[in-house]
Amino acid sequence: MPSRHPYDLPDAPPDIRLIVADMDGTLLDDAGRPPEQLPWLMKQLRERGVLFSPASGRQYATLAGLFHGFDDGMVYIVENGTYVVRDGQEIASDPLDTAVAARLVKTTRRLAADGIDVGAVVCGKHAAYTERTDDAFLAEVAKYYVAHRTVDDATVINDEINKVALFAFVPAARIVAPALAEFTATHQVVVSSEHWIDVMNPTANKGAALHRLQHDLHITPAQTLAFGDYLNDLEMLDTAEWSFATANAHPDVLRRARYTAPSNNDNGVVRTIERLLRLPAS
């Protein structure tokens with residue numbers, strides 16, 4: 001279904017109980033900054049009994065820092081749905097087999113040996129682990145994984161693994177994804193941005209995590225509002241009747257969502273929530 005105009009909304013506010021938003025390219029602007037109105041928005045939603053849940057490929061530590069101070073009761077859907085946390089406590093996870101993670105690290109090593117500028121990030125529950133130590137690569141890792149460590153051998157990690165992410169300084173979908181063909185039959189291989197690919201269990205995605213959350217909280221898809229911009233958001237958007245793609249979204253996401261919100265650089269998430277729920281002007 002093609003996305004409808006951002007202002008083609010009902011006259012009366014719908015009964016929204018849960019709002020789920022992707023971070024990069026959706027809630028955050030292109031510089032990675034959250035909206036200035038975020039604390040105000042969280043207060044407004046809390047007063048109305050609406051739960052806000054960030055849903056991101058980022059790790060829990062990164063998002064907990066972003067929402068620190070106004071995240072009481074907030075549910076974090078992190079690592080693209082492989083790990084769900086509320087008030088610092090795990091409520092669901094879908095860990096990756098350590099042998100699969102090791103194979104992915106070895107595949108990444110082979111790609112690098114062939115001249116492709118790529119590195120693996122083994123995403124554990126306590127930290128993210130990488131063998132690459134160069135400043136350029138670690139600067140990209142730090143944007144999404146504030147808790148990260150360099151290790152001599154990323155095939156041997158003493159942590160429960162959520163997923164393995166590959167970052168490439170080349171187009172990931174065109175150059176790196178074909179080399180992961182052996183994993184696509186058994187696992188989720190998701191292009192999450194121009195330079196990132198996430199490999200997870202076949203049962204893991206943001207939509208599966210959202211469905212579990214809806215079930216646990218007795219919230220229906222009709223009471224769920226979701227925002228996304230990239231391919232790793234598709235299942236999440238399918239799980240909410242009020243699904244919005246930001247105007248800057250990938251074409252497939254724009255086609256899949258029911259509605260279109262203004263872009264991430266135009267504060268589209270906050271503006272749409274304000275209008276849909278009839279919040280006072282921030």
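As the structure is a computational prediction, the values presented were derived from the model and not from experiment. (Residues numbered from 1 in each chain as written. Predicted model: local features only at pLDDT ≥ 70, side-chain atom pairs only at ≥ 80, totals over all residues. Heavy atoms only, no water.)

Visitor: Outline the overall build of the protein, supporting the account with residue identities and numerical values.
Guide: Counting its regular elements, the protein contains 10 helices and 14 strands. Relative to the 2.2 N^0.38 estimate, which gives 19 Å for 282 residues, the radius of gyration of the protein is 18 Å and therefore close to what a compact globule would have. Summarising its shape, the C-alpha atoms of the protein cover approximately 60 × 35 × 35 Å along the three principal directions. Taking all 282 residues of the protein together, 55% fall into the buried category. Taking the intrachain contacts of the protein between residues at least 6 apart in sequence as the baseline, contacts between residues at least 24 apart amount to 61%. Accessible surface computed for the protein: about 12,100 Å², of which carbon and sulfur atoms make up 50%. (Helix = DSSP H or I, 4+ residues; strand = E, 2+ residues; numbered from the N terminus. Rg over C-alpha atoms; globule rule 2.2 N^0.38 Å. Buried < 20%, exposed > 50% of the residue type's maximum accessible area, 1.4 Å probe, protein only. Contact = heavy atoms within 4.5 Å. Areas by Shrake-Rupley, 256 points an atom, 1.4 Å probe, with all protein chains shown as cover.)

Visitor: Tell me about the nonpolar core, and please be specific about residues and values.
Guide: Membership of the largest hydrophobic core comes to 33 residues, with the highest contact counts inside it found for Ile19, Leu45, Phe52, Phe67, Leu225, Phe227 and Ile273. For this core, the element with the most residues is helix H10 (residues 268–277), which contributes five residues. Excluding anything up to four places from it in sequence, Leu225 contacts Ile16, Leu18, Ile19, Val20, Trp242, Phe244, Ile273 and Leu276. In this structure, Val118, Val122, Ala154 and Tyr230 belong to the second largest nonpolar core, which totals 26 residues. (Core = buried A, V, L, I, M, F, W, Y, C linked by side-chain atoms within 4.5 Å.)

Visitor: Tell me what's going on with the pairing of strand S9 (residues 161–168), and back it up with residues and numbers.
Guide: Put simply, side chains in a regular strand alternate between the two faces of the sheet. Of all eight residues in S9, eight are buried; the element is thus mostly enclosed. Taken together, the seven bridges between strand S6 (residues 118–124) and S9 define a ladder with antiparallel strand orientation. If you follow Ala120 over to S9, its bridge partner there is Leu166. (Pairing = 2+ DSSP bridges.)

Visitor: Help me get a handle on the packing of aromatic side chains, residues and values and all.
Guide: Overall, the coordinates contain 12 aromatic pairs when judged by the stated rule. Aromatic side chains Tyr60 and Tyr76 sit 5.3 Å apart centroid to centroid with 80° between the ring planes, which places their arrangement in the edge-to-face category. In this pair, Tyr60 sits in helix H2 (residues 60–66) while Tyr76 sits in strand S3 (residues 75–78), placing the two residues 16 residues apart along the sequence. What links up through ring pairs into an aromatic cluster is the set Phe137, Tyr144, Tyr145, Phe167, Phe169 and Trp196. (Phe/Tyr/Trp six-rings, centres within 6.5 Å; stacked < 30°, edge-to-face > 60°.)

Visitor: So what about helix H1 (residues 38–47)? Which residues, and what values?
Guide: For an α-helix, the turn length of 3.6 residues means that residues three or four places apart are oriented alike. Residues of H1 that are buried: Leu38, Leu41, Met42, Gln44 and Leu45. Taken around the axis of H1, the buried residues stretch over an arc of 160°, which confines them to a single face. In this fold, the buried residues of H1 make contact with strand S1 (18–21), strand S2 (51–54) and H10. Just downstream of H1 lies Gly49, where phi reads positive at about 70°. (Arc of directions from axis to C-beta.)

Visitor: Before we move on, could you go through the sheet that holds S3 and cite the residues and values that matter?
Guide: As summarised here, the arrangement of the three strands in space is S3-S4-S5, forming an open sheet in which the pairing is antiparallel. The sheet terminates laterally at S3 and strand S5 (89–93), the two strands that pair on one side only. Across this sheet, the average inter-strand angle for adjacent strands is 25°, counted without regard to direction. Looking at chain direction, strand S4 (residues 83–86) and S5 are connected through four bridges and run antiparallel. The residue of S5 that forms the bridge with Tyr83 is Ser93. Of the strands in this sheet, S3, S4 and S5 are in contact with helix H7 (residues 206–217), which crosses S3 at around 160°. (Axes fitted to C-alpha atoms, helices over the stretch in contact; angles between N-to-C directions.)

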